[in-house]
Amino acid sequence: MTREAIMDTVSSWQIEGNSNMHEINKSEAAIPINDIVTMAKSCRHYAMCKIDFLGTGVCASGLEKQYVSFYPEGRMDLYAALVDKAIPVTEKCMEITESCNLCGKCDYQCYFVSEMRPSKVMKALKDHLRNYLKRGGTVVQTKEDKILAEMKGIVGDFWATNDLAIRISYHHDLCPHVIFKLPEYVVMPNSREEISAVVKLLNSHGVPYVVRGNGASSHGLVFSEGAVLDLNRMKTIEFDEKSWSVKVGPGVAAFTVQSEARKRGYRVHTAEPAALICANIMTSGLLSTFSTTYGISADNFVNAEFVSKNGSFFNLNDIDAPNLFSSNNSRADHGALASCVSVSMKLHPVTDDEEGVLVPFEALDAALDFARNCAVRHIGLSIGILGGEFVSTFLAPTKSLAAVAKDIFTRKLGMPYIVLFIGDKYALRSVRDMGHPVIDQKLFATLSHGLTALNSAKWLDLLGELSDGEPFSYLRLSHFGELAELALAPSPAQLTQDIDPDLRSFFEELYSRAEMTDLIWLNTFRIQSSRYCRENPCVAFVCYLPINNVLIAEIQGGLRAIAAGHHLKDEFGFITPIDSGKRCVWEYDYYFNHHDPDELARIRQATHEAGALLDEYSEKTGTIRQVRYVVNQGCCRKENLLYL
Ligand SMILES: Cc1cc2nc3c(=O)[nH]c(=O)nc-3n(C[C@H](O)[C@H](O)[C@H](O)COP(=O)(O)OP(=O)(O)OC[C@H]3O[C@@H](n4cnc5c(N)ncnc54)[C@H](O)[C@@H]3O)c2cc1C
Ligand code: SF4
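Residues numbered from 1 in each chain as written. Chains lettered and ligands numbered in written order. Predicted model: local features only at pLDDT ≥ 70, side-chain atom pairs only at ≥ 80, totals over all residues.

Caption draft 1: Highlighting the overall build of the protein chain. Within the protein chain, the regular secondary structure consists of 26 helices and 18 strands. Here the C-alpha atoms of the protein chain give a radius of gyration of 25 Å, agreeing with the 26 Å that 2.2 N^0.38 yields for 644 residues. Looking at the protein chain residue by residue over its 644 residues, the buried ones come to 50%. (Helix = DSSP H or I, 4+ residues; strand = E, 2+ residues; numbered from the N terminus. Rg over C-alpha atoms; globule rule 2.2 N^0.38 Å. Buried ≥ 20, exposed ≤ 12 C-beta atoms within 10 Å, placed from the backbone.)

Caption draft 2: Fine view of the site of ligand 2. Around ligand 2, 16 residues are found, and the nearest of them are Cys43, Met48, Cys49, Glu73 and Cys110. Looking at the shell around ligand 2, the elements with two or more residues in it are helix H4 (72-83) and helix H6 (105-114). The dominant element in the shell around ligand 2, judged by the number of residues it contributes, is H6, at four residues. Tallied by class, the residues present in the shell around ligand 2 amount to eleven nonpolar, three polar and two charged. (Near = placed C-beta within 6 Å. Nonpolar A, V, L, I, M, F, W, Y, C, P; charged D, E, K, R; others polar.)

Caption draft 3: Summary view of the pairing of strand E4 (residues 227-230). Judged by which residues are buried, E4 turns out to be covered on both faces: Ala227 and Leu229 on one side and Val228 and Asp230 on the other are all buried. Two elements, strand E2 (residues 185-187) and E4, share three bridges in a ladder whose sense is parallel. Residue pairing for E4: Val186 is matched across the bridge by Val228. With four bridges joining them, strand E3 (residues 209-212) and E4 adopt parallel strand pairing. If you follow Tyr209 over to E4, its bridge partner there is Ala227. (Pairing = 2+ DSSP bridges.)

Caption draft 4: Just unusual backbone geometry, in detail. Backbone geometry at Lys85 places phi at a positive 55 degrees, although glycine is not the residue there. Relative to the elements of secondary structure, Lys85 occurs in the loop between H4 and helix H5 (91-99).

Caption draft 5: Quick look at the packing of helix H19 (residues 457-466) against helix H20 (residues 480-488). At a minimum axis separation of 8 Å, H19 and H20 run at an interaxial angle of 155 degrees. Viewed along their axes, H19 and H20 adopt a mutual orientation that is roughly antiparallel. H19 and H20 meet at a crossing whose hand is right-handed. Residues Lys458, Trp459, Leu462 and Leu466 of H19 lie in contact with H20, whose contacting residues are Phe480, Leu483, Ala487 and Leu488. Of the residues in the contact of H19 with H20, the class split is seven nonpolar, no polar and one charged. (Axes fitted to C-alpha atoms, helices over the stretch in contact; angles between N-to-C directions. Parallel < 35°, antiparallel > 145°, perpendicular 65-115°, else oblique. Left-handed = near helix turned anticlockwise from the far one by under 90°. Contact = placed C-beta atoms within 7 Å.)

Caption draft 6: Region of interest: the pairing of strand E15 (residues 538-546). Strand direction decides the pairing type here: E15 and strand E17 (residues 583-591), joined by nine bridges, are antiparallel. The partner of Cys538 across the bridge, within E17, is Tyr591. As paired elements, E15 and strand E18 (residues 625-626) share two bridges and run antiparallel to each other. Paired with Cys543 across the strands is Gln626, a residue of E18.

Caption draft 7: Representation of the sheet that holds E18 in the model. Spatially, the seven strands line up as an open sheet ordered E12-E14-E13-E16-E17-E15-E18, and their pairing is antiparallel. Because the sheet does not close on itself, it has two edges, and the strands there are strand E12 (355-361) and E18. Contacting E12, strand E13 (382-387), strand E14 (417-423) and strand E16 (570-578), helix H14 (residues 364-376) crosses the sheet at an angle of about 170 degrees to E13.

Caption draft 8: Region of interest: the domain arrangement of the protein chain. Looking at the assigned domains, one finds that the protein chain contains domain 1 (3-134), domain 2 (146-230), domain 3 (355-532) and domain 4 (535-642). Between the C-alpha centres of domain 2 and domain 3 there is a distance of 43 Å. (Domains from an automatic or database assignment.)

Caption draft 9: Quick peek at the site of ligand 1. Close contacts around ligand 1 come from 35 residues, with Gly213, Ala216, Ser217, Ala275 and Ala279 the closest. Among the elements that take part in the shell around ligand 1, helix H12 (residues 277-284) stands out by supplying six residues, more than any other. Considered class by class, the residues forming the shell around ligand 1 number 20 nonpolar, 13 polar and two charged.

Caption draft 10: Quick look at the environment of Lys181. As for its position among the elements, Lys181 is in the loop between helix H9 (164-167) and E2. With 18 C-beta atoms counted inside 10 Å, the residue Lys181 sits in the partly exposed group. Note: C-alpha distance between Lys181 and Ile281 (100 residues apart in sequence) is 24 Å.

Caption draft 11: Layout of the environment of Leu559. Inspection of the secondary structure puts Leu559 in helix H24 (residues 549-565). Sequence-wise, Leu559 and Asp570 are eleven residues apart; in three dimensions their C-alpha atoms are separated by 8.2 Å.

Given below as structure tokens:
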């Protein structure tokens, strides 16, 4: 690229930006650069800006050019790296910056999850490069080597690169306790044959590699000093309704396949919406509140196809296939055994009488008894005990409202634990027969839209007047829903009053959609769950263990004491019963401010101690399985994982 051509391109950025940005970004000059850099360094890497979960469409350049650097997520990393002078300005850097048209779609998506405005960073990136070039800065041309040339021969010129502007967005996540690696190459194969050829090529040169989905595992799993194989181009979806299965390629995200399944009247078992299905199966075996019914690991799928480490093909139904159904609960690091190139997921029928309710509890003990009782009796479809942190961050569109909501749910309403329960009319009838007062779907919608008024004297007085000594008995009153509506005056406008003014009308329309207060939709598509790291990221401890109230209380006490000793915020995440109520999966979280070096040191130490505590209990009981030791074994039989 000549200098004249570069300057022509750069001057066009200004014009494009001004014509496309939505209101707030037209007067961005006043934002302190440090705030922009901090935002860029706060990207959670959960890839929510790579899926169309709000119906706004996805970053057009990302969809076209596919490398992470062409999405808001990657541009956040790129900008931070340029400001820190960690990488030079390269040709791809120019292309990535130019390809952003400042449409602002990412603001809606990222604000929904993290309350951040990536378009401010995108604009700062353009300004940064313009100023750099005006000052006479040069654009570095990246030299191609022999391996890269051969890789390009396999996947096509555009789909393999060693340009630092691409590599940088495959280099880290926010995990506090791993050493990150900058890959030499990033390659995006588009078929199993191309993966096989790339794997053989890398093997022949002794270059290590890792396969990557959307990189949202967030625990340092997708980094390599050699090559990263980003499988996002492989987005095939083939339904086989007569066999109740859908075969997806390794580039298909949970949200996409769930949306397609829904159109056909089915549900697929998915968890985080931006997680790629094959990756999720491989990593953790895919678990969610629906695991109570749909299971975990090999319960989820019919078959899966792989490219082995030597480049050959196999599928799990081959009699000679490597035994990926086995499980090795050892403390060694387990890399991916093979690259998954398709998985055929089970299609679950959906009945038209499914309903969601929330069952509140004053203590974990009672919530555990309820959840276990339902699971043992096979009552219900999806069961999850949620703590006050999850409930409030999921429901509240902003951090400040989440803090208020948490206090209301846990202290003022006396509901520190709430069981999310989804079932058909027979299951719901059973829950009522068990004598539990519930927040039904209609009341849930009222509480969601009336969240900001939950703190009002009118509402709290109403509860005081209607309570008769038995916890939550007011929920049984037939007219309680109407009274709640009168007291809270719920509306999408009320819920969104805290949101940045220029985004408010969009969010008001969004929260007026029926799905946004539909417990079934929200739990099936899970678009709110990654909000739990909106304030700060966390280290999640996830384990399988028997639903033993005493054991759980004891371990929780130990985890709390460790966090308190290191002055870290810690929270109960969720518990879902599995395996017919014999066991559960439990997440407990330690939060940390990744901008604070002292806090980073403390979270590392706390994570180490908490890991040792869980190891101790695992040895003592013989029945606890920590997910960190079975990562990349997600195809295993549940029985091999839990019983052996
Ligand atoms: C907020 C949040 C909540 C979460 N909650 C849950 C939850 O409830 N349940 C749950 O199951 N998970 C949960 N996760 C974990 C996460 O969804 C999974 O780790 C998932 O795998 C991430 O998908 P990804 O496409 O980003 O995978 P990546 O991070 O890209 O990859 C994860 C691992 O899979 C390997 N891999 C990727 N693709 C392939 C492939 N095609 N073949 C072989 N190996 C491959 C990678 O090498 C890596 O080891 C959560 C994550 C976040 C951020
Ligand atoms: S939605 Fe925001 S925080 Fe999440 S990956 Fe995209 S830019 Fe980063």
